[in-house]
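Below are the chains, spelled out letter by letter.
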Amino acid sequence: MLTDRQLFFLNLGQTSTEPLSLEITRAEGVFMYGPSGEKYLDLISGVSVSNTGHRHPRVVDAVKKQIDAYMHLMVYGEMIQSPQVKYAAHIVSLLPESLGSCYFVNSGSEAVEGALKLAKRYTRKGRIIYFSFAYHGSTHGSLSVQGSEKYRSAFRPLLPDTVQIDFNDFKALDAITTSTACVIVEPVQSEAGVIFPVKGFLEEIRQRCTDNGALLIFDEVQTGFGRTGSMFAIDKFSVVPDILVLAKALGGGMPLGAFISSGEIMSSLVANPQLGHITTFGGHPVCCAAGMASLNVILEEKLAEKCKAKSALFRKELDHQLIKEIRGEGLLLAVQLTNRDCIRYVIKNAPHYGIILDYFLFCDDAFRIAPPLIISEDEIKLACCQLKLLLDDAMKKSGKR
Ligand SMILES: Cc1ncc(COP(=O)(O)O)c(C=O)c1O
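This is a predicted model, so every value here is computed, not measured. Per chain, residue numbering runs from 1 following the sequence as it is written. Under the rules for a predicted model, residues below a pLDDT of 70 receive no local features and side-chain atom pairs below 80 are neither given nor counted, while totals for whole chains, interfaces and linings still include all residues. Think of the side-chain values as coming from all heavy atoms in the structure, minus any hydrogens and water.

A. Main features of the sheet that holds strand S13 (residues 355-356). What makes two strands pair is DSSP finding at least two bridges between them. In DSSP terms, a helix is any run of H or I states spanning at least four residues, a strand is any run of E spanning at least two, and both are numbered starting from the N terminus. Judged by pairing direction, the sheet is mixed, and its 4 strands sit side by side in the order S1-S2-S3-S13 without closing on themselves. With one partner strand each, in any of the chains shown, strand S1 (26-28) and S13 form the two edges of the open sheet. In this sheet, strand S2 (residues 31-33) lies alongside S1 in antiparallel orientation, the contact comprising 3 bridges. Bridge pairing links Arg 26 to Tyr 33 in S2.

As structure tokens, then:
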């Protein structure tokens, strides 16, 4: 009989020639465990998903209760399902009043697709503006607004009338005109290596959109649910988008995405044509129950607020000569090294040091630290201690001292 590792390479579609390929049999809190009892501290949260850790008891309990009541009933938008409506109401209660209508889908890419379609449908215009080194997903529409030709060019033709401009470049905002349907932006660019907007940049985008009748879409798929130290990154900037896109931690470890706007904007999907955007599994009741439980944990345990001190502790403990800079806020950190050739070695060998790290898609001289927000002080100290040993090792290997 073939092992799971053999089956992984034989029968599973692969995404790269170098998958992490760690075999995991159990996960709990901030730890993952291998088949022979190997223990790994998760420093990436499945890429900003497991904000309340793995298998939080309240999330597990909510999932079990919902499964005992019902699973899939009917395509999205037809039947009144308590976990769905209660979760939508809870999320919008945390957002500015104008973001009052939540459309659930299954993933971040799908939420981006919905948001782009909604903007085109509402404005009756076609041009979409997006930013260099933005990541919004891997489907055709979301790939069309991904700010890297390297990943895009092999899949052309993509959506027409998309215009890429540079993040943090005020002059480039002249591209926003009366022909623009929408501007899609991550308030904090994650896959670019955690790049914050310069002062006034998001405000200026907001103003240009308003002046030109374009909708502003914020993609908070990665920054949402406490990751950067506030519940949403928009809380930091006091800029209200017309459409907010959420996913990842939204489902508390289950697949869930959403695009959120005003009732007036959202209503443009229901007529001419009817069923302007539809999904079978969007807002699956089990995923909504899990997301609701996870959100309550984030709120009640003040996990977003506690991020600040945890972030500071990482910065304090991660004192190493191979580190050039630690960028980011809360628990979305990019650790930039003085020697980019070490990145691959560090990430590949992290499991030997009992930690899990990951790359950024568009930043090859930094690795990601984005652990579950429940990580404790002792766990942070342990992670940093292991990380420093790994960096020592990487320095020796690269012959640099
Ligand atoms: C900012 C951002 N938007 C959208 C997506 C796409 O989400 P998904 O992988 O759930 O389709 C991602 C995924 O990494 C993301 O980071």
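B. Inspection of the site of the ligand at higher detail. Close to the ligand lie Ser 107, Gly 108, Ser 109, Tyr 135, His 136, Gly 137, Glu 186, Asp 219, Val 221, Gln 222 and Lys 248. Whenever a nitrogen or oxygen atom comes within 3.5 Å of another N or O atom, the pair is scored as a polar contact, on the condition that within protein one atom can donate a hydrogen and the other can accept it, and that pairs from neighbouring residues in sequence are kept only if both atoms are in side chains. In this structure, Gly 108 approaches the ligand through a main-chain N or O atom, which is 2.8 Å from an oxygen atom. For the ligand, an oxygen atom lies 2.5 Å from a polar atom in the side chain of Ser 109. All accessible areas in this document rest on Shrake-Rupley with a 1.4 Å probe, and a residue is counted as covered only by the protein chains that are shown. Alone, the ligand offers 390 Å² of accessible surface; in the complex the protein occludes 83% of this. Whether a residue is near a molecule or strand depends on its heavy atoms: if one lies within 4 Å, it is near.

C. Representation of the environment of Ile 298 in the model. The topology assignment puts Ile 298 in helix H11 (residues 285-300). With a 1.4 Å probe rolled over the protein chains alone, any residue whose accessible area is under 20% of its type maximum counts as buried; one over 50% counts as exposed, and the rest are partly exposed. What makes Ile 298 buried here is its relative accessible area of 1%. A sequence separation of 107 residues divides Ile 298 from Glu 191, and the C-alpha atoms of the two residues are 24 Å apart. Contacts: residue pairs with any heavy atoms within 4.5 Å of one another. When residues no more than four places from it in sequence are discounted, the contact partners of Ile 298 are Asn 51, Thr 52, Phe 225, Met 231, Leu 303 and Ala 304.

D. How the structure looks around the sheet that holds strand S9 (residues 243-246). Reading across from one edge, S4-S10-S9-S8-S7-S5-S6 is the order of the 7 strands in this open sheet, with mixed pairing throughout. Strands at the two margins of the open sheet, each flanked by one partner only, are strand S4 (101-105) and strand S6 (162-165). Taken over all neighbouring pairs, the strand axes of this sheet differ in orientation by 20° on average, direction set aside. Pairing of S9 with strand S10 (residues 257-261), which is carried by 3 bridges, proceeds in the antiparallel orientation. Each residue of the ladder has a partner; that of Leu 246, found in S10, is Ala 258. To get an axis, a line is fitted to the C-alpha atoms, and for a helix only the part in contact is used. The angle between two axes follows their N-to-C directions and goes from 0 to 180 degrees. Set on the sheet, helix H5 (residues 108-123) makes contact with S4, strand S5 (127-131), strand S7 (180-185), strand S8 (215-219), S9 and S10; between it and S9 the angle comes to about 165°.

E. Main features of the side chain of Gln 146. Here Gln 146 is to be found in the loop between helix H6 (140-144) and helix H7 (149-152). If we ignore the near neighbours within four places in the chain, the residues touching Gln 146 are Tyr 130, Ala 134, Tyr 135, Gly 137, Tyr 151, Arg 152, Gln 164 and Phe 362.

F. Looking closely at the pattern of salt bridges. The salt bridge definition used is simple: a Lys or Arg side-chain nitrogen within 4 Å of an Asp or Glu carboxyl oxygen. Inspection of the entire model under this criterion finds 20 salt bridges. Here Glu 28 ties to Arg 55 by a salt bridge, and the two come within 2.9 Å at their closest N and O atoms. In this pair, Glu 28 sits in strand S1 while Arg 55 sits in the loop between helix H2 (45-48) and helix H3 (57-69), placing the two residues 27 residues apart along the sequence. For Arg 208, the salt bridge is made with Asp 174, and the minimal N-O distance between the two is 2.9 Å. Note that Arg 208 is positioned in helix H8 (residues 201-212) and Asp 174 in the loop between S6 and S7, a separation of 34 residues in sequence.

G. Focus on the environment of Gly 200. Summarising the element assignment, Gly 200 is placed in the loop between S7 and H8. Looking at Gly 200, the relative accessible area reads 25%, which means it is partly exposed. Spatially, the C-alpha atoms of Gly 200 and Phe 131 are 16 Å apart, while their sequence positions differ by 69 residues.

H. Seen up close, a nonpolar patch on the surface. Each patch is built from residues that are more than 30% exposed by relative accessible area and take part in no salt bridge. Like charges join if they lie within 9 Å; nonpolar side chains (Val, Leu, Ile, Met, Phe, Trp, Tyr) join within 5 Å. Taken together, the side chains of Leu 2, Leu 7 and Leu 10 make up a nonpolar region of the molecular surface, amounting to roughly 270 Å² of accessible area. Here Leu 10 shows up in helix H1 (residues 4-11).

In short, shape yes, function no, at least from these values alone.
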